[in-house]
Amino acid sequence: MLSTVLVFVSTLMAAAVALDNGLMRTPPMGWLAWERFRCDIDCEHDPKNCISENLFTDMADRLSEDGWRELGYVYVNIDDCWASMQRDQHGRLQPDPKRFPGGIRRLSRYMHNRGLKLGIYGDMGTHTCGGYPGTPLSKIEIDAQTFSDWEVDMLKFDGCYSNATEQAQGYPQMSKALNATGRPIAYSCSWPAYQGGLPPKVNYSQLAEICNLWRNYGDIQDSWDSVLNIVDWFFDNQEVLIAVAGPGRWNDPDMLIIGDFGLSMDQSRTQMALWAIMAAPLFMSNDLRTISGGARSILQNKMAVRINQDPLGLQGRRILKEESGIEVFWRPLSNDASALVFFSRRTDMPYRYRTSLSKLNYTAGSYEVHDVFSERSVTLKDSTGFVVSVNPTGVVMWYVSAPVKPNRLQEFFKDARLRGAARGDLANVIPPVFL
Ligand code: GLA
């Protein structure tokens, strides 16, 4: 009997280890080369923008010197087009010697010395999407070992030039191979994106067991159309997607293009707000050397980042789709707080949307409401009607505190008197006056 119990317990423990490498308990944040810098390998004519070690050290310098790292943006991720067309004499992948003369190991050391992490890109087919050497089934172990030897912290494993049968073998095999190196390497799987992103073709429970994040859908481009298309797909399929997300296992709607060329400031706030609602990875793909102050302040908005990084890790949902073109999104957060986003699909003028918290399922009295982008706060009673003015293709985003119970206030006064608290203390805690 005892031995049966022991076998059971050890099986459980083995399962727990295999299923969870302990990484990415909140959505990963950082920078990823692809959307902004693509496969620019022309270092002779475009030295500042080509895929080379300098691009990654430049971005690392910006992340560590311009306030990004402290907010959590710590990954610096190489995407396609880094490799030499030939493997070395031991059959290992190697970086292009001209563009990465110091090698990947030196680059990972550069990141680690600055409190950052390095990500790399591979593809479980004969070639990467850009035509560079892939990692077919026979090469999975050796490539996992090479990434570990280079002290890389994350692998994005793409799926070009492989078929469904190979993917079903290769993605789990790479997960095992990474685990077997003993180095914690976060694992991003593009597998579902190649299988239409939905069950029954995609088995999300299996994915959550073998990957830390996964691309469900097509590539983001530098345009509002592309953002909207991604948003529509993710929220149209929210029932499937919400169920699988959580600490260590995230849906990935692709990179943030805030700071590039395709989005207005309002649309940039929309991408930030909805990626936070979705508990999405926040990988910026932009040029941190020349980013505008406006884009930077959106990406560095503390409250938006805090909402994205909420430790409960529950993915939010769309709760309303109004005929007026206003949509309302909601995400439950820790400490009984939540986030609300009012989004306008309209293209005419700011729309005055009238509602109340009780219409949005808040029925426990009064709530403190912090506007994420205007940084103002008010206390709102659930039944009080209010109007939010939402710009075309823009958002209003709120962090809503736990309900402020009337007796909590009274208790607070009692406590404060007992503690002999100074009047100044109270000002910080008592919710601001009613509207
Ligand atoms: C695929 C991926 C992109 C990018 C490119 C690189 O299209 O989805 O994110 O990695 O390949 O070639």
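Thresholds applied
- Residues numbered from 1 in each chain as written.
- Predicted model: local features only at pLDDT ≥ 70, side-chain atom pairs only at ≥ 80, totals over all residues.
- Heavy atoms only, no water.
- Disulfide = S-S within 2.5 Å.
- Helix = DSSP H or I, 4+ residues; strand = E, 2+ residues; numbered from the N terminus.
- Buried < 20%, exposed > 50% of the residue type's maximum accessible area, 1.4 Å probe, protein only.
- Pairing = 2+ DSSP bridges.
- Core = buried A, V, L, I, M, F, W, Y, C linked by side-chain atoms within 4.5 Å.
- Domains from an automatic or database assignment.
- Contact = heavy atoms within 4.5 Å.

Digging into the state of the cysteines
Link 1 in the chain: For the structure on display, the rule yields four disulfides.
Link 2 in the chain: Each sulfur in the disulfide pair Cys-129 and Cys-160 lies 2.2 Å from the other. Given an S-S torsion of about 100°, the disulfide between Cys-129 and Cys-160 has right-handed geometry. Here Cys-129 is found in the loop between strand S3 (117-123) and helix H5 (140-149), whereas its partner Cys-160 is found in the loop between strand S4 (154-158) and helix H6 (164-181), with 31 residues between them in sequence.
Link 3 in the chain: The class for Cys-129 is partly exposed, based on a relative accessible area of 34%.
Link 4 in the chain: The disulfide partner of Cys-189 is Cys-211, and the gap between their sulfur atoms is 2.1 Å. Negative torsions about the S-S bond denote left-handed disulfides, and the value of about -95° found for Cys-189 with Cys-211 makes this one left-handed. On the criterion of sequence distance, the pair formed by Cys-189 in strand S5 (residues 186-189) and Cys-211 in the loop between helix H8 (204-210) and strand S6 (213-215) is long-range, its members being 22 residues apart.
Link 5 in the chain: The class for Cys-189 is buried, based on a relative accessible area of 0%.
Link 6 in the chain: Of the residues examined, Cys-211 reaches a relative accessible area of 3% and is grouped as buried.

Observations regarding the pairing of strand S9 (residues 317-321)
Link 1 in the chain: Two strands pair when backbone bridges link them, and S9 and strand S10 (residues 326-332) are joined in this way by four bridges, in the antiparallel orientation. Bridge pairing in S10 places Lys-321 opposite Glu-327.

Quick word on the nonpolar core
Link 1 in the chain: If you look at the biggest cluster of nonpolar residues, it comprises 107 residues, and the most contacted ones within it are Trp-31, Phe-56, Tyr-73, Trp-82, Met-272 and Trp-275.
Link 2 in the chain: Considering every element that reaches this core, the biggest residue donor is helix H9 (residues 224-236), with eight residues.
Link 3 in the chain: There are two domains that each give this core at least three residues, and those are domain 1 (16-308) and domain 2 (317-400).
Link 4 in the chain: Once residues lying within four places of it in the same chain are set aside, the contact partners of Trp-275 are Ile-220, Val-227, Ile-230, Val-231, Pro-253, Asp-254, Met-255, Leu-256, Ala-280, Pro-281, Leu-282 and Asn-308.
Link 5 in the chain: Counting residues in hydrophobic clusters, the runner-up holds 17 residues, among them Tyr-362, Tyr-367, Trp-398 and Val-400.

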